[in-house]
Amino acid sequence: PDRVSFGSVINACARLGRAREALQWLERMQEEGLSPDVVCYNIAMKACAKALQIDKAVALVERMDASGPSPDVASFTTALAALGHAASTPDRGRAVALFRRLVENGLQPDRHLAEVMQRLLGTAAFEELRLKLGVDIVEGQARRDVRINQRHVLSRLRASSGERSVPYQAKHLQR
């Protein structure tokens, strides 16, 4: 199996809410000598967040930050959003530490990440942190990156299977 095949299986597990299996496939991918890309990690992280396995979701972004691939804005947003689902009182210290890592990695938060941080810390506290770190908010970067990554994965899947790109309506008319 190649990276695309593993990514597809991880994505299927995530869509079914099976975080444990998504993580197992991520590990198996590495055992097979393939390095998961940021898309595979983000999908596994999202599966963990969806299953309320918050520590595992945050551990994935920390692992990416330590040994690669470099996490993107969507990676940090997913981990921070997971922290927001953790309990009635989220771990603000951990949220601030993740936000600092994002900034140290040279990434700029987008509007979506800013909203997540405002929910975690409160608007005033987040604005104070943002100004202290000298960080501006960029419009729509993470969502654009996710869409580009999703399109990239789909095009790789289609190319590897020999499938031609067929418009959505045409696919459904053929049934």
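Structural data are supplied above this passage.
Colleague: Honestly, the side chain of D37 in this entry has me stumped. Any pointers?
Modeller: Along the polypeptide, D37 turns up in the loop between α2 (19-31) and α3 (38-50). A distance of 3.0 Å separates the side chain of D37 from the backbone nitrogen of C40, its partner in a polar contact.

Colleague: Sorry, what's going on with the pattern of salt bridges here?
Modeller: Side-chain pairing between opposite charges can occur once the charged atoms of the two side chains come close. By the definition in use, this model includes 6 salt bridges. Salt-bridge contacts for E27 lead to R63; the nearest nitrogen and oxygen are separated by 2.9 Å. Here R63 lies in helix α4 (residues 54-67) and E27 lies in helix α2, a separation of 36 residues in the sequence. Among the residues examined, E27 registers a relative accessible area of 33% and is labelled partly exposed. For R63, a relative accessible area of 26% translates into the label partly exposed. Ionic pairing is found between D55 and R94, a salt bridge with its closest N-O pair at 2.8 Å. Of the two residues, D55 is situated in helix α4 and R94 in helix α6 (residues 92-104); the sequence distance between them amounts to 39 residues. You can call D55 exposed: its relative accessible area is 51%. Judged by relative accessible area, R94 falls into the partly exposed class, the value being 23%.

What counts, and at which threshold
- Each chain has its residues counted from 1, following the order in which its sequence is written.
- Where totals are concerned, whole chains, interfaces and linings use all residues; where local detail is concerned, this predicted model gives features only for residues with pLDDT of at least 70, and gives and counts side-chain atom pairs only at 80 or more.
- Think of the side-chain values as coming from all heavy atoms in the structure, minus any hydrogens and water.
- For helices the rule is a DSSP run of H or I covering at least 4 residues; for strands it is a run of E covering at least 2, with both sets numbered from the N terminus onward.
- Definition of a polar contact: a pair of N or O atoms within 3.5 Å, with one able to donate and the other able to accept a hydrogen when the atoms are protein atoms, and with sequence-neighbouring residues admitted only if both atoms are side-chain atoms.
- By definition here, a salt bridge exists when the distance from a side-chain nitrogen of Lys or Arg to a carboxyl oxygen of Asp or Glu is within 4 Å.
- For the exposure calls, accessible area comes from a 1.4 Å probe over protein chains only, and a residue counts as buried if that area is under 20% of its type's maximum, exposed if over 50%, partly exposed in between.

Keep in mind these values describe shape, not function.
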